[in-house]
Amino acid sequence: MKLPIRSLFLKIFLWFWATVIATGIALILTFILQPRSVPSRWHATLMETARYSGAIAVEEAERGGASAASAYIERIERETHLQTCLFDLAGSLIAGNGCESFQGMISHVMASKMSDFDMRYGIARVALPLQGSSGHEYIFATQLPAGPRAALGINRAAIALQWGVALLVSGFICYLLTRYLTTPILRLREASQQLAAGDLSTRAAAGMERRHDELGDLVRDFNAMASRIEDLVSRQRQLISDVSHELRSPLARLNVALDLGRERKGDDPAFDHMEQDIGLLSEMIGRLLTLARLDTSAAPVPMTPLDLTELVSQVVRNADFESRERDGRVRLTAHERYFVRGNAELLHSAIENIIRNAVRYTKSGTPVDVILECQNRSNVSFAQLTVRDYGSGVPESELAHIFQPFYRVADARDRQSGGAGLGLAIADRVIRIHGGTIRAENIKPSGLQVEVLLPSWRSKGDFHKE
Amino acid sequence: MDRILIVDDDVELCRLLAERLSPEGFVIEAVHDGPRGLERALSKEHALVVLDLMLPGMGGLDVLRRLRAQSPVPVLILTARGEDVERILGLEIGADDYVPKPFNPRELIARMRAILRRTAHVATPASPLVAGDLRLDPAAREVWLGDVLLKLTSVEFTLLELFLREAGRILTREHLTEAVLGRKLGPFDRVIDVHVSNVRRKLGPAQGGERIKAVRGSGYLFVARSETK
């Protein structure tokens, strides 16, 4: 189980728990805030208890005088922590301590000759007139436990313990309930993340499909959706692969027929055009197949340790040679040799695509800068390749799309400039297969910068020991 | 006039190729399925077999495997890209070289010529080359390891002959490709490496270690063992 510090988990848990606690507090408050609503049977019992203790106190007072009564009352107070007092009929104190609080009730009893009852904070207070065996009359006043405090007693440690237990138990139950509700949601979220990351075979755990509640329905629907997506995507990829493959046969025939034509009719500019376009078609089909292969990636790509600096400078040399025809330059800045683990052919084509793209769109007469350097991100060492052109850049809103197949920025970048719009898409797939990232951003005042991060592969020394 | 067998299920392509190749001095026979292709290839009537890997009936790799069990005839495979693994497998099974589809006919002709030049090359009756327990007889085109006759394809034979003649010297991959396959080394071209590894596998290890050593960054080296036996 993951650490449940997820917002939904916390919310549900806290709400449930708060509800339980609030209910408890409300119950207690009802007792405290309704002072005179003690049920009548409790009332009778309380009066009976008071009358009984009172009778004993009066008897003690008549037999042994005020001191005997005081001893008895002190014993009650010691054992029960309940305040008890004995007065004579005139209202003067015979025994008991701190009896001023009963003053109001005593006056009431003296006036009415009736018992008085009062209740506050779960403690009942009773004052009643009593007659001793000698015929003397007394007034007995005492506190009696009633309500929740009657059950709990008034020991503070006990109250704290019982509150603690109540909190723990309710907290535990709320935790279980919340976990029961949120775990499937978290699992489902993990599954959909994996699905979004490209693992189309992901399904939510089979165990959750057996739930008969709404979450079970959700999981079943999710899995059905995932199957459908997987099916659609794989069919689309298969289609691209099949179509490209089938296009190759007529293209192969066209190639031979064209060559036959040349042999018979001699050289003609029309033949050159045809050959150029056949070449372009052939290249596009090749790239489409590469893309389809990278997307399906059924078989793992074979990877070996390789010298990235060497590979990049090779590409730069070729690109530089070609761009000199249009007054351009491709400049490489690399401070040391960087090694990565990868597939040389794929990486070469990815980097070539990125650099050629920059050469194509940089303004004529401006250079393309290629920088290779080291980057450390959270203790992992990366080789960072930056390719910057001085062209007009790409509108911000379209930056995210330039790695999609056949995507073309609407303005300026017309088909006349060549290429099939597959180069950056291939680069993106290749870099991701190598565990790297690729992103593009506009640079002020003008130009586009493509940044590639590839995980570094050990140091040069290790490389040569292999 | 070299007789060439083309095994490809694209009938129209075969017809066009025959038309294109005959002025170049090739006699073309075309068959369009695997089993028939294997039968014709085993007839020993052809100087070269051009084999497509995608064939109905029996796949090109199966045809090649069965052909190699009985015949060292040179084989050039045609592959559509996207079959990289099959291309390497084809070379390992014993194809001489490959041409990706769609191909430029001139490229195909150049590769065919290179292979034919090598096999037609009749060395002036030379004395056998010997290295330890290994003996190569250029006249009979036979290689003996101890008293076992090795089955090498013609490209493997040429490669080994080159190694023996230049024993103890580093041969670059560029040089080997040009000398053995008759063409320039392309980018990411692993054909020569597959051939070298085939030869290595067939020779097995010598008593003193590897017979053919890879030299990182430059090429291969046949270890001369004047000190052994």
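As a starting point, this report considers the structure included with it.

The rules behind these values
Residues numbered from 1 in each chain as written. Chains lettered and ligands numbered in written order. Predicted model: local features only at pLDDT ≥ 70, side-chain atom pairs only at ≥ 80, totals over all residues. Heavy atoms only, no water. Helix = DSSP H or I, 4+ residues; strand = E, 2+ residues; numbered from the N terminus. Buried < 20%, exposed > 50% of the residue type's maximum accessible area, 1.4 Å probe, protein only. Contact = heavy atoms within 4.5 Å. Disulfide = S-S within 2.5 Å. Phe/Tyr/Trp six-rings, centres within 6.5 Å; stacked < 30°, edge-to-face > 60°. Pairing = 2+ DSSP bridges. Axes fitted to C-alpha atoms, helices over the stretch in contact; angles between N-to-C directions. Buried area = accessible area lost by both parts, 1.4 Å probe. Salt bridge = Lys/Arg side-chain N within 4 Å of Asp/Glu carboxyl O. Polar contact = N/O pair within 3.5 Å; in protein donor to acceptor, adjacent residues only side chain to side chain.

Description of the overall build of chain B
Okay, step 1: The secondary structure content of chain B amounts to eight helices and 12 strands.
Okay, step 2: Per-residue burial for chain B yields a buried fraction of 49% across its 229 residues.
Okay, step 3: Look at the contacts in chain B between residues 6 or more apart in sequence, and 58% of them connect residues 24 or more apart.

Describing the state of the cysteines
Residues and elements named next belong to chain A.
Okay, step 1: A full pass over the atoms with the stated rule returns one disulfide over all chains.
Okay, step 2: The disulfide that involves C85 links it to C99, with 1.8 Å between the sulfurs. In this structure, the disulfide formed by C85 and C99 twists by about -90 degrees around the S-S bond and is classed as left-handed. Of this pair, C85 sits in strand β1 (residues 84-88) while C99 sits in the loop between β2 (93-95) and α3 (103-112), and the two are 14 residues apart along the sequence. C99 carries the same exposure label as C85, and that label is buried.

Points about the packing of aromatic side chains
Okay, step 1: Here the structure, examined in full by the defined rule, presents two aromatic pairs over all chains.
Okay, step 2: An angle of 35 degrees between the planes, with centres 5.6 Å apart, marks the rings of F13(A) and W17(A) as tilted. Highlighted residues: F13(A) and W17(A), both in helix α1 (residues 7-33), separated by four residues, approximately one helical turn.
Okay, step 3: Taking relative accessible area as the criterion, W17(A) reaches 24% and is therefore assigned partly exposed.
Okay, step 4: Judged by centre distance (6.5 Å) and plane angle (35 degrees), the ring pair of F163(B) and F222(B) falls under tilted. Within this pair, whereas F163(B) is found in helix α6 (residues 154-165), its partner F222(B) is found in strand β12 (residues 219-222), the two being separated by 59 residues in sequence.
Okay, step 5: Overall, F163(B) belongs to the buried group, its relative accessible area being 0%.

Some remarks on the sheet that holds strand β4 (residues 75-80) of chain B
Residues and elements named next belong to chain B.
Okay, step 1: Here five strands make up an open sheet; going across it, the order is β2-β1-β3-β4-β5 and the pairing parallel. Unpaired on one side and paired on the other, β2 (26-31) and β5 (97-101) mark the two borders of the sheet. Each strand of the sheet is rotated relative to its neighbour by a mean of 20 degrees, with strand direction disregarded.
Okay, step 2: Both β4 and β5 contribute to a ladder of five bridges, which runs parallel. Within β5, the position partnered with A80 by the bridge is K101.

Let's talk about the sheet that holds strand β6 (residues 129-131) of chain B
All names here are of chain B.
Okay, step 1: Reading across from one edge, β6-β7-β8-β9 is the order of the four strands in this open sheet, with antiparallel pairing throughout. Either end of the sheet is taken by a strand with one partner, and the two such strands are β6 and β9 (148-150). Within this sheet the neighbouring strands show an average axis-to-axis angle of 20 degrees, counted without direction.
Okay, step 2: The strands touched by α6 are β6, β7 (134-137) and β8 (142-145); relative to β7, the strand with the most contacts, the crossing angle is about 115 degrees.

A word on the interface of chain A and chain B
Buried accessible area, meaning the area lost when the parts come together, often serves as the stated size of an interface.
Okay, step 1: The interface is formed by 25 residues belonging to chain A together with 22 residues belonging to chain B.
Okay, step 2: Here chain A packs against chain B, burying approximately 2,100 Å² in sum over the two surfaces, 57% of which is carbon and sulfur.
Okay, step 3: Per-residue buried area on chain A facing chain B is highest for R248(A), R253(A) and V256(A); these three make up 26% of the total on that side.
Okay, step 4: Our count for the contact surface shared by chain A and chain B stands at six salt bridges.
Okay, step 5: With a closest N to O distance of 3.5 Å, E275(A) and R106(B) form a salt bridge.
Okay, step 6: Where chain A meets chain B, there are eight residue pairs in polar contact (both at pLDDT 80 or more).
Okay, step 7: Of all the elements in the fold, those that place two or more residues in the side of chain A that touches chain B are α7 (214-265), α8 (269-296) and α10 (344-361) of chain A.

Shape descriptors only; they carry no functional weight alone.
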